[in-house]
Amino acid sequence: MDLTYTPEEEEFRARLRSWLAGVLPALPPKPSPGDWPARRAYDLGWQRRLYDAGYAGLHWPVDAGGQGATPTQHLIYLEETERAGAPYVGANFVGLLHAGPTIACEGSAGQRARWLPPVLRGEEVWCQGFSEPDAGSDLAALRTRARRDGDDYVVSGSKIWTSHAEVADWCELLVRTDPDAPRHRGITWLAMPMDAPGITVRPLRTLAGSTEFAEVFLDEVRVPVAHRVGAENDGWRVTMVTLSYERGTAFVGEVVACRRVLAEMAREARKNGRWDDAVLRRRLGRLNAEFRALWRLTQWNVGEAQRTGGVPGVGGSVFKLGYSHARQELYDAAAEVLGPESLDPGREWTLDRLSSLSYTIAAGTSQIQRNIVAERILGLPRGR
């Protein structure tokens, strides 16, 4: 893997850095963390700025409305936006990082034309309706039913851990369309409008006090057959495309953020006297090496996706497994750096430490990732 930058890539970096320096001071103040309608407006406003400047969907294919940038340009973009303190995708992350890329790969021309431009322009928000109360890690055990009625599917069931459901316009929804088929073969991927009659959204409060997740109850919700992405009962294969993006590239920007936080922790430790602790210094040094390795793995995964048609491979499970545990250890180390102040919810990194606990569950538990690595990469026999 060639990790050097071409003159054209360095020129792209300089142009992006200059644009960020000009636009970031003009952004409005960030809204309250608990005000999701205001956060939606803020996040979509940032997305519109990216669109107007030609940075929206930077690595998406041109025929999907993106810029067709190289993997290296995409990584440069992530490095520079994080270094400059630019807003994250926020409420728009499912549309930009999961649903949008899936539709770009699997959707019809009409579906791509309908759903992708509003995501890139910062006009519509998506949420993800995959997990269910009795089918979390065992996603193929989902029981939300969809029966065909003319030109519609009639959907009943419930979903849980549905990110940003209360401010979403659309939901990437998995339903069971053939209850008699083998578990993985009777599933269909639908795009459900969140304003359809029969949808009830109930926010869930997390350990950190936020409500970005929700339960979603579906009572005879009608979804047009035209909103099906892929063939009926072929949803498991389409879902694997979605999960490849979720595990392979959706966390890329957060690796850069963690490296920045680690540097800030080292500065804080020097300032408050905890840098004298040799054990803490070794821990921070090991974390630095681990996140550098994860960044190299990120570069490899993104490059491999480009070489194989744009969809990340099972190497994303290696990355997700390593990243989720490294992030937890990073914020455990933050507690050592802060000492008693780590119990103050208003102190930097305290809420991040609480949220880090979810990363070994979100986007597929660590146990699931280990199974994928064992069976699909190492070729070990399936467990029984």
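Above this text is the structure in question.
About the cut-offs
- Residues numbered from 1 in each chain as written.
- Predicted model: local features only at pLDDT ≥ 70, side-chain atom pairs only at ≥ 80, totals over all residues.
- Heavy atoms only, no water.
- Helix = DSSP H or I, 4+ residues; strand = E, 2+ residues; numbered from the N terminus.
- Expected span 1.5 Å × (residues − 1).
- Buried < 20%, exposed > 50% of the residue type's maximum accessible area, 1.4 Å probe, protein only.
- Contact = heavy atoms within 4.5 Å.
- Polar contact = N/O pair within 3.5 Å; in protein donor to acceptor, adjacent residues only side chain to side chain.
- Salt bridge = Lys/Arg side-chain N within 4 Å of Asp/Glu carboxyl O.

1. Brief notes about helix α5 (residues 109–120)
With 12 residues, α5 should reach 16 Å at 1.5 Å per residue; the first-to-last C-alpha distance of 16 Å fits that figure. Along α5, the residues classified as buried are Q111, R112, W115, L116, P118, V119 and L120. Its buried side turned inward, α5 meets α2 (36–53), α4 (93–106), β1 (126–129), β4 (170–176), β5 (187–193) and β8 (228–229). Trailing α5 by a residue or two, G122 shows a phi angle of about 75 degrees, which is positive.

2. Side note on α2
In this model, α2 (18 residues) spans 26 Å end to end at C-alpha, consistent with the 26 Å of a helix rising 1.5 Å per residue. Taken as a whole, α2 has its buried residues at W36, R40, Y42, D43, L44, W46, Q47 and L50. Taken together, the buried residues of α2 touch α1 (7–23), α3 (71–83), α4 and α5. Measuring from the side-chain oxygen of the N-cap residue of α2 to the backbone nitrogen of A38 gives 3.2 Å; that N-cap residue is D35. Looking one or two places after α2, you find G54, whose phi comes out positive at around 85 degrees.

3. Description of the pattern of salt bridges
One pass over the structure, following the stated rule, counts 26 salt bridges. With a shortest N-O distance of 3.0 Å, D169 and R40 are connected by a salt bridge. Of this pair, D169 sits in the loop between β3 (152–159) and β4 while R40 sits in helix α2, placing them 129 residues apart in sequence. The class for D169 is partly exposed, based on a relative accessible area of 25%. R40 gets classed as buried once you look at its relative accessible area, which sits at 18%.

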